[in-house]
Amino acid sequence: MRLRRKLKKMSLYKKSLIIFTLLMLILAEAALIYVSTSLKAYEKGDVDNYMKALVKDMQKQAKRGNIAKYFELPEVESSYEEKSSLEKGYKELFKEAKIIYKETDDDAKYDIFADDIHLATVTLDNSKVEHRLGLLTYTDYEIKEITSYNEDGLYNFDFYLMDNYTLYINGVQVENDDLKETSKIEEYTEVYDYVDLPVLNHYVVKNLTYKPEIIIKDVDGKVVEAQIKDGAYYATEFFKTDNSEEAFARLSHEYDPLDFAKKWSLFLTADLGGTRYGLYKLTPNLIEGTEMYKSAYSWATNVDITFTSIHTLDAETFTNTKVSNWTVYNENAFSVEVYLEKNMTLVDRQKKKDVLHDIFYYVYYDNAYRLVHMKSVA
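Residues numbered from 1 in each chain as written. Predicted model: local features only at pLDDT ≥ 70, side-chain atom pairs only at ≥ 80, totals over all residues. Heavy atoms only, no water.

Right, let's get into the environment of Glu-225. Relative to the helices and strands, Glu-225 resides in the loop between strand S12 (214–217) and strand S13 (227–229). Classification of Glu-225 by relative accessible area gives exposed; the value is 71%. (Helix = DSSP H or I, 4+ residues; strand = E, 2+ residues; numbered from the N terminus. Buried < 20%, exposed > 50% of the residue type's maximum accessible area, 1.4 Å probe, protein only.)

The next thing to look at is the pattern of salt bridges. This structure, assessed with the given rule, holds 9 salt bridges. Here Lys-351 makes a salt bridge to Asp-314, at a shortest N to O gap of 3.6 Å. One end of the pair, Lys-351, is in strand S18 (residues 351–365); the other, Asp-314, is in strand S16 (residues 311–330), with 37 residues separating them in the sequence. Looking at Lys-351, the relative accessible area reads 62%, which means it is exposed. Of the residues examined, Asp-314 reaches a relative accessible area of 18% and is grouped as buried. In this structure, Glu-341 engages Lys-353 in a salt bridge whose closest nitrogen and oxygen atoms are separated by 3.8 Å. Taken as a pair, Glu-341 in strand S17 (residues 333–346) and Lys-353 in strand S18 lie far apart in primary sequence, 12 residues in all. Salt bridges linked by common partners bring Asp-57, Lys-60 and Lys-69 together as one network. (Salt bridge = Lys/Arg side-chain N within 4 Å of Asp/Glu carboxyl O.)

The contact between helix H5 (residues 257–268) and helix H7 (residues 291–301) brings their axes to 10 Å, and the two run at 40°. Of H7, the residues touching H5 (which contributes Trp-264, Phe-267 and Leu-268) are Met-292, Ala-296, Trp-299 and Ala-300. By residue class, the composition of the contact of H5 with H7 is 7 nonpolar, no polar and no charged. (Axes fitted to C-alpha atoms, helices over the stretch in contact; angles between N-to-C directions. Contact = heavy atoms within 4.5 Å. Nonpolar A, V, L, I, M, F, W, Y, C, P; charged D, E, K, R; others polar.)

Strand order across the open sheet formed by 5 strands is S15-S16-S17-S18-S19, with antiparallel pairing between neighbours. Looking at the sheet topology across the chains shown, the edges are occupied by strand S15 (239–241) and strand S19 (368–376). The sheet shows a mean angle of 30° between the axes of neighbouring strands, direction not considered. (Pairing = 2+ DSSP bridges.)

The subject of this paragraph is the sheet that holds strand S9 (residues 172–173). Taken in spatial order, the 3 strands make up an open sheet running S9-S8-S12, and their pairing is antiparallel. Among the strands making up the open sheet, the edge pair consists of S9 and S12. The sheet contact formed by strand S8 (residues 166–169) and S12 spans 4 bridges and is antiparallel. By the bridge assignment for S12, Leu-167 is matched with Ile-216.

It is worth spelling out the packing of aromatic side chains at this point. Enumeration according to the criterion identifies 26 aromatic pairs in this entry. With 5.2 Å between their ring centres and 35° between their planes, Phe-159 and Tyr-233 make a pair best called tilted. Of this pair, Phe-159 sits in strand S7 (residues 155–162) while Tyr-233 sits in strand S14 (residues 232–235), placing them 74 residues apart in sequence. Each member of the pair, Phe-159 as well as Tyr-233, carries the same accessibility label: buried. Pairing Phe-360 with Tyr-362 gives two aromatic rings, centres 6.4 Å apart and planes at 10°, and the pair type is stacked. (Phe/Tyr/Trp six-rings, centres within 6.5 Å; stacked < 30°, edge-to-face > 60°.)

Looking now at unusual backbone geometry. Note: most peptide bonds trans; most residues except glycine with negative phi. For Ala-108, which is not a glycine, the phi torsion comes out positive at approximately 65°. Turning to its location among the elements, Ala-108 is positioned in the loop between strand S1 (99–103) and strand S2 (109–114). Notably, Tyr-277 is not glycine yet its phi reads approximately 60°, a positive angle. By the secondary structure assignment, Tyr-277 is in the loop between H5 and helix H6 (279–282).

As structure tokens, then:
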């Protein structure tokens, strides 16, 4: 009987011990969980950790087709896409691009980029500060606002092309509806009313939700490689060569720019000869009323021309002549770089080389090539 009571007491003791041990384990587990969650919350309270986690979740949501959790998805349509979809566009973009965030100058604001595309600005609420374990103090960040920049789609492009180039987006030719402005070639601005000259077209293409296929073709139907600068595409390179035959194969008439350059050089040192120091030997290749014509006329009629150094021309007047860097703008216009050295002997018997090194800009007008601009080659 006494043995039975003893066994019963031992059983109760064991039960109590087990219960106590379990309670202690539960409390210890709870403490560990609390410490663990506190440490995780503390790590999350670091803004960089928070933003990294946010970007990672954005990528996950985009992959699942659920980016609307973070970004508004307005209706976007483009004639260059069969079926525009921001949701699918984000899925493609987040899969292929490098997603980064950058701190802005404003407190608690961060810009999110996919490569160089500015996707959104995230504003965080950093007003809630937590204290745990008597040691940890951290900010419990929450998203206050997300501003997404997709009203005009995910992809928007600026194109600067010659007017005889053709632009295709996803196989569809871009028309004048997307032509923002045209601009003239600076060196020929004065003579657009006289001669048919090319202009540069600036296209703006918006509302694309997918990364597009972009093809630019020249007047011969050949694909042109565009240069990309600050996100804009440039295909403004005209035909260039150092071969005069190749240049004149694209021009309406042939011409010797070196002959005119020699006359111009002689004119500047009062050596051309003729009425008004040879001005009228130049005017057949100038256009009256232009700045080039006015400059030549002013030099021929101004007293300054009489103050050129007294000299004689050497027997071999021109040496080291070179004509290069032809640029053909169309069949009516070209520019060419001319270099020559004019050899003179001054009155004190000193030798002098007068160097001309300029780019000459010509147009074919009124049955002759006429100089409309000169630019010194520094």
